[in-house]
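Breakdown of the fold
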Amino acid sequence: QKEVEQNSGPLSVPEGAIASLNCTYSDRGSQSFFWYRQYSGKSPELIMFIYSNGDKEDGRFTAQLNKASQYVSLLIRDSQPSDSATYLCAVNSPGNQFYFGTGTSLTVIP
Amino acid sequence: EAQVTQNPRYLITVTGKKLTVTCSQNMNHEYMSWYRQDPGLGLRQIYYSMNVEVTDKGDVPEGYKVSRKEKRNFPLILESPSPNQTSLYFCASRGPGSALPSQYFGPGTRLTVL
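I will try to describe carefully the structure that is included in this document. Note that the structure is a prediction, hence the values are computed from the model and not measured.

**Topic: the state of the cysteines**
Tallied over the full model, the rule gives 2 disulfides over all chains. Between the sulfur atoms of cysteine 23 of chain A and its disulfide mate cysteine 89 of chain A the distance is 2.1 Å. Disulfide cysteine 23 of chain A to cysteine 89 of chain A: torsion about the S-S bond roughly -70 degrees, handedness left-handed. Placement of the pair is cysteine 23 of chain A in strand 3 (residues 19–25) and cysteine 89 of chain A in strand 9 (residues 85–92), with a sequence separation of 66 residues. Across this residue pair, the class does not change: cysteine 23 of chain A and cysteine 89 of chain A are buried. Shown here is the disulfide that connects cysteine 23 of chain B with cysteine 91 of chain B, its sulfur atoms set 1.8 Å apart. As the torsion about the S-S bond is roughly -75 degrees, the cysteine 23 of chain B-cysteine 91 of chain B disulfide counts as left-handed. You can see cysteine 23 of chain B sitting in strand 3 (residues 19–25) and its partner cysteine 91 of chain B sitting in strand 9 (residues 87–94), a full 68 residues away along the chain. Taking relative accessible area as the criterion, cysteine 23 of chain B reaches 2% and is therefore assigned buried.

**Focus: the packing of aromatic side chains**
Under the definition given, this model contains 13 aromatic pairs over all chains. Between tyrosine 25 of chain A and phenylalanine 33 of chain A, the ring centres sit 4.8 Å apart and the planes meet at 45 degrees, which makes this aromatic pair tilted. Accessibility assignment for this pair places tyrosine 25 of chain A and phenylalanine 33 of chain A in one class, buried. Measuring from centroid to centroid gives 5.9 Å for phenylalanine 98 of chain A and tyrosine 31 of chain B, while their planes differ by 70 degrees, and the two rings are edge-to-face. Of the two residues, phenylalanine 98 of chain A is situated in strand 10 (residues 98–100) and tyrosine 31 of chain B in strand 4 (residues 31–38); the pairing between them involves two chains. Looking at tyrosine 31 of chain B, the relative accessible area reads 5%, which means it is buried. Grouping aromatic residues by their ring pairs yields a cluster made of Phe34, Tyr36, Phe98 and Phe100 of chain A together with Tyr31, Tyr35, Tyr48, Phe90 and Phe105 of chain B.

**Comments concerning the pairing of strand 3 of chain B**
Residue and element names in this part refer to chain B. Residue alternation in strand 3 divides its side chains into a buried set, Leu19, Val21, Cys23 and Gln25, and an unburied set, Thr20, Thr22 and Ser24. Sheet topology places strand 1 (residues 4–7) next to strand 3; 4 bridges connect them, and they run antiparallel. Looking at strand 3, one finds that asparagine 7 is bridged to threonine 22. Taken together, the 3 bridges between strand 3 and strand 8 (residues 76–78) define a ladder with antiparallel strand orientation.

**Here's the deal with the sheet that holds strand 1 of chain B**
The antiparallel open sheet is built from 4 strands, whose spatial order is 1-3-8-7 (chain B). Either end of the sheet is taken by a strand with one partner, and the two such strands are strand 1 and strand 7 (65–66) of chain B.

**Some details on unusual backbone geometry**
Residue and element names in this part refer to chain B. Of note, the bond from asparagine 7 into proline 8 is cis; its omega dihedral lies within 30 degrees of zero at -5 degrees. Among the structural elements, proline 8 can be located in the loop between strand 1 and strand 2 (10–13). Located in the positive-phi region is asparagine 28, a residue other than glycine, with phi close to 60 degrees. Within the secondary structure layout, asparagine 28 lies in the loop between strand 3 and strand 4. Under the relative-accessibility criterion, asparagine 28 is labelled exposed at 56%. For glutamate 53, which is not glycine, the phi torsion reads 65 degrees and is therefore positive.

**Some points on the interface of chain A and chain B**
Interface size, as often reported, equals the accessible area lost upon joining of the parts. The interface is formed by 20 residues belonging to chain A together with 22 residues belonging to chain B. Of the roughly 1,700 Å² buried between chain A and chain B, counting both surfaces, carbon and sulfur atoms make up 54%. Inspection of the chain A/chain B interface yields 0 salt bridges. Counting the contacts that link chain A with chain B gives 4 residue pairs in polar contact (both at pLDDT 80 or more).

**Remarks on the layout of surface pockets**
In this structure, the largest pocket spans a volume of roughly 420 Å³. The wall of the largest pocket is formed by 21 residues, among which Gln38 of chain A together with Gln37, Asp38, Pro39 and Leu88 of chain B lie closest to the centre. Where the lining of the largest pocket is concerned, the elements lending two or more residues are strand 9 of chain A together with strand 4 and strand 9 of chain B. A per-element tally of the lining of the largest pocket places strand 9 of chain A first, with 3 residues. Across the lining of the largest pocket, the residue classes break down as 6 nonpolar, 13 polar and 2 charged.

Quick notes on the rules
- Residues numbered from 1 in each chain as written.
- Chains lettered and ligands numbered in written order.
- Predicted model: local features only at pLDDT ≥ 70, side-chain atom pairs only at ≥ 80, totals over all residues.
- Heavy atoms only, no water.
- Disulfide = S-S within 2.5 Å.
- Helix = DSSP H or I, 4+ residues; strand = E, 2+ residues; numbered from the N terminus.
- Buried < 20%, exposed > 50% of the residue type's maximum accessible area, 1.4 Å probe, protein only.
- Phe/Tyr/Trp six-rings, centres within 6.5 Å; stacked < 30°, edge-to-face > 60°.
- Pairing = 2+ DSSP bridges.
- Contact = heavy atoms within 4.5 Å.
- Buried area = accessible area lost by both parts, 1.4 Å probe.
- Salt bridge = Lys/Arg side-chain N within 4 Å of Asp/Glu carboxyl O.
- Polar contact = N/O pair within 3.5 Å; in protein donor to acceptor, adjacent residues only side chain to side chain.
- 1 Å grid on protein atoms, 1.4 Å probe; cavity = no way out; pocket = protein on both sides within 12 Å on 5 of 7 lines; lining within 4 Å.
- Points joined across faces, edges and corners; volume = space filled by probe spheres on them.
- Nonpolar A, V, L, I, M, F, W, Y, C, P; charged D, E, K, R; others polar.

Laid out in structure tokens, this is it:
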């Protein structure tokens with residue numbers, strides 16, 4: 001059983017702070033890694049994807065991947081109240097299946 | 001507008017009454033998939049399809065059927081629904097022509113089986 005693990009939280013940060021979200025995965029064959037944001041009652045929307053070890057930055061978001069440690073993280077800089085949501089980590093296996101973590105609930109306090 | 005549509009959005013039914021949830025995408029995507037989302041369990045893949053007439057089981061296929069007769073449509077069929085299939089269901093699609101390598105999700109179908 002392929003697993004993706006996330007700390008369910010809730011994680012609370014003050015407005016303007018950095019939020020750090022973490023994810024580990026069990027399948028060393030995983031090739032692609034994604035972070036989704038999901039507001040309550042809504043469908044997931046993609047924030048970041050990363051394939052290679054290292055950091056990838058897009059605006060206030062930075063994804064970090066360490067394949068040796070089987071670890072993916074998402075940093076949100078200058079957190080805003082609108083960032084309050086559940087963040088889902090997902091991995092894409094070589095068999096074209098997708099595996100999701102259970103999500104981390106983030107609250108940004110004004 | 002590029003989108004994935006699902007119908008119905010909400011459904012309350014009774015145990016054993018066959019139902020179909022439709023999913024359609026207008027992006028000419030080859031890959032389509034169904035997920036269910038349950039509290040504490042996250043999103044779990046039910047079935048996925050790499051192309052027309054090609055379907056594969058995901059992690060939780062028991063009690064579900066799918067078909068892919070056309071590229072745009074990927075219906076989810078519950079032949080004999082049971083209360084443990086009460087969940088929030090998402091359809092998603094992904095194609096090689098996507099600007100992003102990720103999946104586009106539909107708006108979700110909230111199913112309650114009594």
